[in-house]
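Residues per chain are reported as follows:
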Amino acid sequence: MVAQPAGTGTGLSYADLADFADTAPMVAVVRIRNIITLKPDQAQGVPPGHKRLYIEADVTSLIRGEAGISPLVTYLYDARLDARGKLPKLKKASFILFARPATRPGEVQLVAPDAQIAATPVMVDRVKSLLSSMVARDAPPRILGLGDAFHVAGTVAGEGETQIFLRTENGDPVSLSVLRRPGQPPRWAVALGEIVDEAARAPVPGTLLWYRLACSLPPVLPARAVRTLAVADAEAARADYRLVIEALGPCGRTRIAP
């Protein structure tokens, strides 16, 4: 993988953006007004090949921030140097900042060292769409881990149903279900509620529900999730969980952070 210049946001995946958005109480588009390069004794812990900058920027658009934001913000940013050891051209450029308020008025702190990305029209639209899905009434909750799994074998060979409950940050019920019928491909779904009905479906890749699952679930079903099941039922539940993980696919994080 080829590293991209820090702060450009080039090639960021849905999961990369969601990681930023999930932890940022403040998201804004800014235009950099002034840059001061800090001396080494003022910048401890700077990664090799980077320079720490003190940046002043004008806020041109606030995408998220219930408490508002100052029209002029300041923050620290570790910029990656190019092959010639030069700083990237940041002055007068527009960026999306994923940040949190700092101690002084007008100061903000990036939620990650690389949480400054180029504010192209396409990227701004992507971020707005993502944030809208996160605050929607039916937004899926953050997944903390797995709860108990249950499996019921059918009356004929190859028939069965597995249900796996997930632990969520806000306590809302979320569960995975896998249904197997002889002569049919297995069908799995995720339910956001107490009841699994016909409306439950597998999530579409590149959506918030998919991200919550693909980037949070462990690769295998832990022993504690099947501790109450008979051996055969536990094996069936593990196989069904593997089916879900394979169907979700990799989380797809691509960031090369400083």
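Remember, it's a predicted structure, so these values are computed and weren't measured experimentally.

Caption draft 1: Highlighting unusual backbone geometry. In this structure, K92 is a non-glycine residue whose phi angle is positive, near 75°. A residue is classified by how much of its surface remains accessible, and K92, at 56% relative accessible area, is exposed.

Caption draft 2: Seen up close, the side chain of D19. Locating D19 in the fold gives a position in helix α1 (residues 14-23). With residues near it in sequence (within four places) discarded, D19 still touches Y211, R253 and R255.

Caption draft 3: Region of interest: α1. Within α1, 8 of the 10 residues are buried, leaving the element largely enclosed by the surrounding structure. Among all positions of α1, only A15, D16, L17, A18, D19, F20, A21 and D22 are buried. Looking at the buried side of α1, the elements it contacts are β2 (50-64), β4 (94-101), β6 (116-118), α2 (121-135) and α3 (208-214).

Caption draft 4: Structural view of the sheet that holds strand β9 (residues 174-180). Here we have 4 strands laid out as an open sheet, ordered β7-β8-β9-β10, and antiparallel in their pairing. Of all strands in the sheet, those with a lone pairing partner are β7 (143-153) and β10 (187-191), marking the two edges. Neighbour to neighbour, the strand axes of the sheet diverge by 15° on average, direction disregarded. By the bridge criterion, 5 bridges tie β9 to β10 in an arrangement that is antiparallel.

Caption draft 5: A look at the pattern of salt bridges. All told, the structure shown has 12 salt bridges when counted by the stated rule. Between R52 and D78 there is a salt bridge, with the nearest N and O atoms lying 2.7 Å from each other. Highlighted residues: R52 in strand β2 and D78 in strand β3 (residues 72-80), separated in sequence by 26 residues. D78 gets classed as buried once you look at its relative accessible area, which sits at 10%. Connected through salt bridges with shared partners, the residues D22, R142, E169 and R212 form a single ionic network.

Caption draft 6: Broad picture of the state of the cysteines. Considering all chains together, one arrives at 1 disulfide under this definition. Between the sulfur of C215 and that of C251 lies a disulfide, 1.9 Å long from S to S. Of note, the bridge from C215 to C251 carries an S-S torsion of about 90° and is right-handed in sense. Here C215, found in the loop between α3 and α4 (231-248), pairs with C251, found in the segment after α4; they are 36 residues apart in sequence, far enough to count as distant. Like C215, the residue C251 is buried in the burial classification.

Caption draft 7: Structural detail: the environment of G45. Turning to its location among the elements, G45 is positioned in the loop between β1 (26-37) and β2. G45 gets classed as exposed once you look at its relative accessible area, which sits at 69%.

Caption draft 8: Main features of α2. Here α2 contains 15 residues, and its C-alpha end-to-end distance of 21 Å stays within 8% of the 21 Å for a straight helix at 1.5 Å per residue. Those residues of α2 that sit buried are M123, V124, V127, L130, L131 and M134. Taken around the axis of α2, the buried residues stretch over an arc of 130°, which confines them to a single face. Away from the buried face of α2 by more than 90 degrees, exposed residues P121, V122 and D125 are located. Of the surrounding elements, those touching the buried residues of α2 are α1, β1, β2, β4, β6 and α3.

Definitions and limits used
- Residues numbered from 1 in each chain as written.
- Predicted model: local features only at pLDDT ≥ 70, side-chain atom pairs only at ≥ 80, totals over all residues.
- Heavy atoms only, no water.
- Buried < 20%, exposed > 50% of the residue type's maximum accessible area, 1.4 Å probe, protein only.
- Helix = DSSP H or I, 4+ residues; strand = E, 2+ residues; numbered from the N terminus.
- Contact = heavy atoms within 4.5 Å.
- Pairing = 2+ DSSP bridges.
- Axes fitted to C-alpha atoms, helices over the stretch in contact; angles between N-to-C directions.
- Salt bridge = Lys/Arg side-chain N within 4 Å of Asp/Glu carboxyl O.
- Disulfide = S-S within 2.5 Å.
- Expected span 1.5 Å × (residues − 1).
- Arc of directions from axis to C-beta.

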